[in-house]
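# Chains, contacts and geometry: an overview
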Amino acid sequence: MNVEDSAAQIVKEFSLFDDWMDKYNYLIEMGKSLPLIDEKYKTDQYLISGCQSRVWVSAELVDGKVVFKADSDAVITKGIVNLLIRVFSNQPPEDIIDADLSFIDEIGLKEHLSPTRSNGLVSMIKQMKLYAVVFKTKLKDQGA
Amino acid sequence: MNVEDSAAQIVKEFSLFDDWMDKYNYLIEMGKSLPLIDEKYKTDQYLISGCQSRVWVSAELVDGKVVFKADSDAVITKGIVNLLIRVFSNQPPEDIIDADLSFIDEIGLKEHLSPTRSNGLVSMIKQMKLYAVVFKTKLKDQGA
Amino acid sequence: MNFDVQQIRKDFPALHQEIYGRPLVYFDNAATSQKPQVVIDRISEYYRTINSNVHRGVHHLSQQATDAFESSRNHIQQYINAQHAREVVITKGATDSINLVASSFGQKYLKQGDEVIISSLEHHANIVPWQVICEKTGAQLKVIPLTESSTLDLQAFQKMLNKKTKIVAVGHISNALGVVNPIREIIEMAHDFDIPVMVDGAQGIVHEKVDVQALDCDFYCFSSHKFYGPMGVGVLYGKTYWLSAMPPYQTGGEMIKSVTFEKTTYNDLPFKFETGTPNVADVIGFESAIKYIEDIGIAHIKTYEDDLLEYGIQKLKAIDGLRILAEGAPKAGVISFLLKDIHPYDAGTIIDKFGIAVRTGNHCAQPVMDLLEVPGSIRASMAFYNTREEIDRLVEAILKVREMFA
Amino acid sequence: MNFDVQQIRKDFPALHQEIYGRPLVYFDNAATSQKPQVVIDRISEYYRTINSNVHRGVHHLSQQATDAFESSRNHIQQYINAQHAREVVITKGATDSINLVASSFGQKYLKQGDEVIISSLEHHANIVPWQVICEKTGAQLKVIPLTESSTLDLQAFQKMLNKKTKIVAVGHISNALGVVNPIREIIEMAHDFDIPVMVDGAQGIVHEKVDVQALDCDFYCFSSHKFYGPMGVGVLYGKTYWLSAMPPYQTGGEMIKSVTFEKTTYNDLPFKFETGTPNVADVIGFESAIKYIEDIGIAHIKTYEDDLLEYGIQKLKAIDGLRILAEGAPKAGVISFLLKDIHPYDAGTIIDKFGIAVRTGNHCAQPVMDLLEVPGSIRASMAFYNTREEIDRLVEAILKVREMFA
Ligand SMILES: Cc1ncc(COP(=O)(O)O)c(C=O)c1O
Ligand SMILES: Cc1ncc(COP(=O)(O)O)c(C=O)c1O
């Protein structure tokens, strides 16, 4: 699935819930199911700042695609970062850089998109896009 | 005239005026007629602080009575300090210390009595009463 | 008791709103309190009428504003029973007040080898300014440890006091845990060594009567916004002796007597420590808050709050897996807790959805969280306008949280 | 011009009152401005609705308040055309902003033998903090002299610049005389020597469009309360380069990332310079003031004010015995004058009785008064809500003063 499809898929999943509690229960489920990051990545270098909970995000380039891993000490944060991973991971750098994030709004988590939120969603997205930019440059250099 | 009589006299004089302009004209007159202080007293030692204009007040003990002299670089301030001199000067220290100042209210200058006023009326009264206290102690020491 | 909480709630407009379709429960009072309508009205009225710059103005509005400003100062003086109005310095908040003391006192009295004592329960505002001045002067920062029951260890404190100690800076009531410190004893013990004591009263003044002369503290700091007044105003009470001896902090207009390019002479107290245009509107608004509190009576407030706190503690304690921090310690206004191993952020996010405002995190008191080995806590901080029903709603939300993260 | 002053006056409730039975004429705008109703309403609304402490709060109100607070910062950024929101530091006023720069910049960059340049036209707020930091660091304070026409002497300034100069701190518009300084030239001249320039814009931002990137100033300071916003809020604009390099000023909550008793790590910009609970209500109120000004348009305001000033100067000049200070210099908003040898305090007292608010004294700019060899002045400072009729009333009062003290 490409970025758009994954986002559409998530929107579809969330459309099943009509109250916040079901939504959060689902986020919590997703938080619990997040493939955990290797302990070696749980260092300050991979820490996303601006969150009340701690979130680590690592990225690797595998066959021209960016593979993200993440973890957090809070389950809801894990659930949120898991959404991002589902959309961004295993995608080519350009697609991540250009990704439209309106699905976050559509699934009713718009409030988390404010840069002043302490959940750090905006910081996570920034960091993931930054990784993509770095990898894109790397790929270009290799290609050249 | 004692303190009370002088105060009553001033109240009577001011009762002739029914608008502020006449009152201030009279204050200005009194400011102009203030017997000037000797230049040697125009030093920081005799300066009353808390006024926008500079006011100097000196005091001497003459025959058991306090004689005040004052000057200011602003005429209205001079007028106001002149009122105080008419009431306080040539009076025994106790009378100055105990003096009732309601005449200031009665002549319509109450607004000047607020401790936050930049005309420093309150500071002047404080300084004059302080001189009286000092002289009273002195007299007692001499008497003893 | 003629304390009618429903009547009182009517005075606070912000309490009457719905959050996510539920009536707001505001349990974040230790962060900032709501304001009674009289305070809001007073600020508006000021701006509609006497608004102008204070001091040295000869015109009518300026004189009115100055009178109102200075009479607010006098009211604050009376409320805390300071000896003189000149001992009441207006600042922008408790943090500003503490920075002032640390900087001005520190500059004058601290040198290499001296010691400053704070406690383990302090808010960052009463830690970092002392770290900074200690680093600048070469003094050393000492920290009163905690007993098993999370109260300050007075025996240890006694042993820390010595000739090198130059000042003790300690909180009145801990914002993170609600622990009420024995400041009377601390002040007495320090005074036995002639050491001055600064009390960070940001939370203290809110919950009990403060009489600075009876306490005999040398400095007492607090913020208006936590005490039902507007934001942007704080108070530093300081004994004349110290304030006179200390150098000015910030400089500029207002705080000077005369300026030439060569030499500047400073103004008398309290103006020596107040520079720039003061926040007249909010200082006057703060006076209204104090009047409002006086009308109800801080003693009545304390009785009500203590009862409510006790109720809350009993109810929360009964929840399986809930752990109240510093449980045994004497407390005011605050229940700081953890729910099983659920991250406070997770719990707070869900509690919020119930329309209940609690705070989560380290509450700007990271060191005590580290000491207690917790990543932070969930804090419900109460005011006299909160009710038992609101605590019941919190309990309900907590039960739901426990269920969701099971 | 679609600038209807009568319509505009309706927005300012404080203008519509009688003083001693006469309609108020408010000519003390350089001290503090009046506030449009929208600003007053915004503050009230804030306290009635989203009032809470900002940043790090997970609950709804705190998030709303944080959004409103940060979007106010963004609005300020846009208004002055700063490159980043992080370059906009919220302070309590211009004096606070200048103290911050003098202290933090000074600590980092000033040492024995260095030089700091200010000008002869400065407000005490832009003199004393530099005197203090110079004394602490051993640097020397240099003062740009005045020309015959009371403007800054740029030739002299050129000669003062040298390798020892570490910063130039100069006012945009003089509050005491209304003189508009050539800050563009000053900034360029200083930058030729790689010397940063701080502009005290307390009066500047009020009267003309400020674009900090176009000016290329390194710091720009101002107060909300002089710019139609609430009291208790100021702004320090600073280039990222300098703000990043400078050590923090006040310390406590908000401005830190992590705290242990041993070591504290500071937060990112702008928070590194903002400690304690910010004045959220008034910052948001200030945003309303900026919106209000934008709606009218600062260019329209400037045109109107310049015209009004010119009218005032012509009318006052015509009064026998009246002397306008710095008469020939380029001016904005202010007429500072003396009437024969009448003491300004005497004149001000009588003018007040006519319901007209002017300021008298040295206007916190004693050095320039000393230079001009005057004991102070009478200052009429105008805003865009003042009118020609009001100037006529001032003229009438002045004539009366002349008569009374004849
Ligand atoms: C030129 C100038 N600078 C600085 C200030 C200080 O501003 P504030 O008192 O708001 O801190 C003023 C205010 O009078 C001023 O006119
Ligand atoms: C104990 C304590 N001290 C100091 C402060 C700082 O107060 P402010 O943020 O109003 O400056 C707080 C506020 O959280 C506090 O709770």
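The residue count restarts for each chain, going from 1 along the sequence in the order it is written. Ligands are numbered from 1 and chains lettered from A, in the order in which they are written. Where local features are concerned, this predicted model is filtered to residues with pLDDT of at least 70; where side-chain atom pairs are given and counted, the filter is 80 or more; whole-chain, interface and lining totals use all residues. Water and hydrogen atoms were dropped before computing side-chain values, which therefore reflect all heavy atoms in the structure.

### Brief notes about the overall build of chain C
Basically, it comes down to this: Helix and strand assignments follow DSSP, with helices taken as H or I runs no shorter than four residues and strands as E runs no shorter than two, numbered in order from the N terminus. When we talk radius of gyration, it's over C-alpha atoms, and the globule rule is simply 2.2 Å times the number of residues to the 0.38. Burial here depends on accessible area, computed with a 1.4 Å probe over protein chains only, as a share of the maximum for the residue type. Under 20% is buried, over 50% is exposed, and the range in between is partly exposed.
Summing up its helical and strand segments, chain C has 15 helices and 17 strands in all. Computed over its C-alpha atoms, the radius of gyration of chain C comes to 22 Å, within 12% of the 22 Å expected for a compact globule of 406 residues. Dimensions along the principal axes, computed over C-alpha positions, put chain C at roughly 70 × 55 × 35 Å. For chain C, the residues scored as buried account for 69% of the 406 residues in total.

### So, the sheet that holds strand β5 (residues 115-119) of chain C
Residue and element names in this part refer to chain C. Definition in use: In this analysis, strands are considered paired if DSSP registers two or more bridges between them. In this description, a line fitted to the C-alpha atoms serves as the axis of each element, helices being fitted only across the stretch in contact, and the angle between N-to-C directions of two axes falls anywhere from 0 to 180 degrees. Note on definitions: a residue-residue contact is assigned when non-hydrogen atoms from the two residues lie within 4.5 Å.
Strands sit in the order β4-β10-β9-β8-β7-β5-β6 across an open sheet of 7 strands; the sheet is mixed. Strands at the two margins of the open sheet, each flanked by one partner only, are β4 (88-91) and β6 (140-144). The average undirected angle you get between the axes of adjacent strands in this sheet is 20 degrees. Two elements, strand β8 (residues 197-200) and strand β9 (residues 219-223), share 3 bridges in a ladder whose sense is parallel. If you follow V199 over to β9, its bridge partner there is Y220. Relative to the sheet, helix α3 (residues 60-80) contacts β4, β9 and β10 (234-238), its axis offset from that of β4 by approximately 120 degrees. Across the sheet, helix α7 (residues 183-191) touches β7 (165-171) and β8, and the angle it forms with β8 is around 160 degrees.

### Quick look at the site of ligand 2
We apply this condition: Nearness here has a simple test: a residue counts as near a molecule or strand if at least one of its heavy atoms is within 4 Å of that partner. N or O atoms within 3.5 Å of each other form a polar contact, as long as, within protein, one can give a hydrogen and the other can take it, and as long as residues adjacent in sequence are counted only when both atoms are side-chain atoms. Classes in brief: Ala, Val, Leu, Ile, Met, Phe, Trp, Tyr, Cys and Pro nonpolar; Asp, Glu, Lys and Arg charged; the others, Gly included, polar.
Of all residues adjacent to ligand 2, which total 13 residues, the nearest are T95, D200, S223 and K226 of chain C together with T277 of chain D. Lying at an intersection of chains, ligand 2 is approached by residues of chains C and D. In the model, an oxygen atom of ligand 2 is placed 2.7 Å from a nitrogen or oxygen of the H225 of chain C side chain. Here an oxygen atom of ligand 2 and a side-chain polar atom of K226 of chain C are 2.6 Å apart. Residue composition of the shell around ligand 2, by class: 3 nonpolar, 8 polar and 2 charged.

### So, the interface of chain D and chain C
We apply this condition: Joining two parts hides part of their accessible area as seen by a 1.4 Å probe, and the buried area is that hidden amount summed over both. The salt bridge definition used is simple: a Lys or Arg side-chain nitrogen within 4 Å of an Asp or Glu carboxyl oxygen.
On the chain C side, the residues contacting the 94 residues of chain D number 94 residues. For the chain D and chain C pair, buried surface summed over both sides reaches about 6,800 Å², with 58% attributable to carbon and sulfur atoms. The largest per-residue losses of area from chain D upon contact with chain C belong to Y47, M231 and F261 of chain D, which jointly make up 12% of the total buried on that side. The interface formed by chain D and chain C contains 2 salt bridges. Among the salt bridges present, the one from K92 of chain C reaches D96 of chain D, with a minimum N-O distance of 3.5 Å. The interface formed by chain D and chain C includes 39 residue pairs in polar contact (both at pLDDT 80 or more). Here the residues of the side of chain D that touches chain C sort into 37 nonpolar, 41 polar and 16 charged.

### Some remarks on the site of ligand 1
In the vicinity of ligand 1, 13 residues are found, and the nearest of them are T277 of chain C together with T95, D200, S223 and K226 of chain D. Bordering ligand 1 are residues originating from chains C and D. A94 of chain D has a polar backbone atom sitting 3.5 Å from an oxygen atom of ligand 1. Counted by class, the shell around ligand 1 contains 3 nonpolar, 8 polar and 2 charged residues.

### Brief notes about the domain arrangement of chain C
All names here are of chain C. Test applied: These domain boundaries are the output of an automatic or database domain assignment.
Domain assignment breaks chain C into domain 1 (5-30 + 297-404) and domain 2 (41-294). In this structure, domain 1 and domain 2 have C-alpha centres spaced 28 Å apart. Domain 1 puts 33 residues into the contact, and the matching count from domain 2 is 29 residues. At the boundary of domain 1 with domain 2, total buried surface from both sides reaches about 2,400 Å², with 62% on carbon and sulfur atoms. It is I298, A332 and C364 in domain 1 that bury the most area against domain 2; as a group they hold 22% of the surface buried on that side. The interface formed by domain 1 and domain 2 holds 0 salt bridges in total. Applying the counting criterion to the domain 1 and domain 2 interface returns 13 residue pairs in polar contact (both at pLDDT 80 or more). Elements that contribute at least two residues to the side of domain 1 that touches domain 2 include exactly α12 (298-317), β14 (334-339) and α14 (366-371). Examining the composition of the side of domain 1 that touches domain 2, we find that 5 residues originate from one element, α14, more than from any other.

### Quick look at the relation of the copies chain D and chain C
Formally: Each copy is superposed on the other by least squares, with the fit set by C-alpha atoms of residues at a pLDDT of at least 70 in both.
Once chain D has been moved 0.0 Å along the axis and rotated by 180 degrees, it coincides with chain C to within an RMSD of 0.0 Å. A rotation of that kind, with that shift, is consistent with a two-fold axis. For chain D, the minimum C-alpha distance to the rotation axis belongs to G232 of chain D and amounts to 3.0 Å. Both copies share a contact surface, since 100% of the interface residues of chain D are interface residues in chain C too.

### A word on the arrangement of the chains
Most contacts, when the 5 pairs of chains in contact are compared, are made between chains C and D. Taking C-alpha atoms only, the smallest gap left between chain A and chain B, which are not in contact, amounts to 44 Å.

### Quick look at the pattern of salt bridges
All names here are of chain D. Under the criterion given, the structure shown has 44 salt bridges over all chains. Put simply, K239 and D216 hold a salt bridge, and the shortest N to O gap is 2.9 Å. Linking K239 in the loop between β10 (234-238) and α10 (240-245) with D216 in the loop between α9 (212-215) and β9 (219-223), this pair joins segments that are 23 residues apart in sequence. For D216, a relative accessible area of 34% gives the class partly exposed.

### Structural notes on the packing of aromatic side chains
As a reminder, the rule being used: Note on ring pairs: Phe, Tyr and Trp rings are taken, using the six-membered ring of Trp, and paired if centres are within 6.5 Å. Classes follow the plane angle, with under 30 degrees stacked, over 60 edge-to-face and the rest tilted.
Taken as a whole and judged by the stated rule, the model has 54 aromatic pairs over all chains. Ring centres of Y241 of chain C and W242 of chain C lie 5.0 Å apart, and the angle between their planes is 80 degrees; this geometry places the pair in the edge-to-face category. When its relative accessible area of 59% is taken as the criterion, Y241 of chain C is described as exposed. Look at F12 of chain D and F384 of chain D: their rings are 6.0 Å apart centre to centre, the planes differ by 75 degrees, and that puts the pair in the edge-to-face class. Separated by 372 residues along the polypeptide, F12 of chain D in the loop between α1 (5-9) and β1 (18-19) and F384 of chain D in the loop between β17 (377-381) and α15 (388-404) bring together distant segments of the chain. For F12 of chain D, a relative accessible area of 0% translates into the label buried.

### Some points on the interface of chain A and chain C
Chain A puts 16 residues into the contact, and the matching count from chain C is 15 residues. Taking both sides of the interface into account, the surface hidden between chain A and chain C amounts to around 1,400 Å²; carbon and sulfur atoms contribute 63%. The largest contributions to the chain A side of the interface with chain C come from W20, Q52 and I76 of chain A, which together make up 39% of the buried area. Our count for the contact surface shared by chain A and chain C stands at 0 salt bridges. Remark: the boundary between chain A and chain C carries 4 residue pairs in polar contact (both at pLDDT 80 or more). For the side of chain A that touches chain C, the elements supplying multiple residues, two or more each, are α2 (20-33) and α3 (75-88) of chain A. Tallying contributions element by element places α2 of chain A first for the side of chain A that touches chain C, with 6 residues. When the residues that make up the side of chain A that touches chain C are grouped by side-chain class, the tally is 7 nonpolar, 6 polar and 3 charged.

### Things to note about the sheet that holds strand β16 (residues 359-361) of chain C
Residue and element names in this part refer to chain C. Here we have 4 strands laid out as an open sheet, ordered β13-β14-β17-β16, and antiparallel in their pairing. Unpaired on one side and paired on the other, β13 (322-324) and β16 mark the two borders of the sheet. The average angle at which neighbouring strand axes cross in this sheet is 30 degrees, direction not considered. Alignment of β16 against strand β17 (residues 377-381), held across 3 bridges, turns out to be antiparallel. The residue of β17 that forms the bridge with T360 is I378. Its contacts with the sheet put α12 on β13 and β14, and the angle it makes with β14 is roughly 10 degrees.

### Focus on helix α5 (residues 128-137) of chain C
Residue and element names in this part refer to chain C. Here α5 lies mainly inside the structure; 7 of its 10 residues are buried. Taken as a whole, α5 has its buried residues at V128, P129, W130, Q131, I133, C134 and T137. The first or second residue beyond α5 is G138, which carries a positive phi of 85 degrees.

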